[in-house]
Amino acid sequence: LALERAVSQAEDELQTCTREAEELKHYTRRLCSQTHRFSSKDLTTFSRCDSLRSIGRDEISKYLDCVQQEFEEDLEQAKSLYASCNRSTDEYNAKAKHCAGVRTRWEQASCDLQKTSALLCSAYVKCR
């Protein structure tokens, strides 16, 4: 009875672990896809900056300041997305490794139950 309970508990833990790992996998995929999409955008187009209408010094300076600000904002966003992707990937990998250990415990508990059942059955047959 204790072995059956151990198998049942291990199986429940494995199912929970597997579900959580799948959720993390989908979340990670979404975060990393956002990172990829952002890094694939055309960074040579600075959409918030007015186009140059003349080559006057003040206008060029204003345009370059705008370009620099937009680039720095994009760079910060890219760093944040990249960090989120990496953090989520690390969490998923840790969860997958933990689940592999849970699976091993479940398999061992199942084998122990099977061996014990086989021994008990053979002992019962001998007693008859």
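Just so it is clear, the structure is predicted and the values come from calculations on it, not from any experiment.

Draft legend 1. Spotlight on the overall build of the chain. A count of helical and extended segments in the chain gives two helices and zero strands. For the chain, the proportion of its 128 residues judged to be buried stands at 18%. A separation of at least 24 residues holds for 78% of the contacts in the chain among residues at least 6 apart in sequence. As displayed, the chain offers around 9,900 Å² of accessible surface, 54% of which is attributable to carbon and sulfur atoms.

Draft legend 2. Geometry of the state of the cysteines. Under the defined criterion, the tally for this structure stands at two disulfides. Here Cys17 connects covalently by a disulfide to Cys99, the sulfurs 1.9 Å from one another. With the S-S bond torsion at -100°, the cross-link from Cys17 to Cys99 turns out left-handed. Remark: Cys99 occurs in helix α2 (residues 57-127) and Cys17 occurs in helix α1 (residues 2-40); sequence separation between them is 82 residues. Accessibility classification places Cys17 together with Cys99 in one group, the buried group. Paired through a disulfide, Cys32 and Cys85 show a sulfur-sulfur distance of 1.9 Å. Looking along the S-S bond of the Cys32-Cys85 disulfide, the torsion reads about 100°, which is the right-handed sense. Residue Cys32 is located in helix α1, and its partner Cys85 is located in helix α2; the two are separated by 53 residues in the primary sequence. You can call Cys32 partly exposed: its relative accessible area is 23%.

Rules and cut-offs
- Residues numbered from 1 in each chain as written.
- Predicted model: local features only at pLDDT ≥ 70, side-chain atom pairs only at ≥ 80, totals over all residues.
- Heavy atoms only, no water.
- Helix = DSSP H or I, 4+ residues; strand = E, 2+ residues; numbered from the N terminus.
- Buried < 20%, exposed > 50% of the residue type's maximum accessible area, 1.4 Å probe, protein only.
- Contact = heavy atoms within 4.5 Å.
- Areas by Shrake-Rupley, 256 points an atom, 1.4 Å probe, with all protein chains shown as cover.
- Disulfide = S-S within 2.5 Å.

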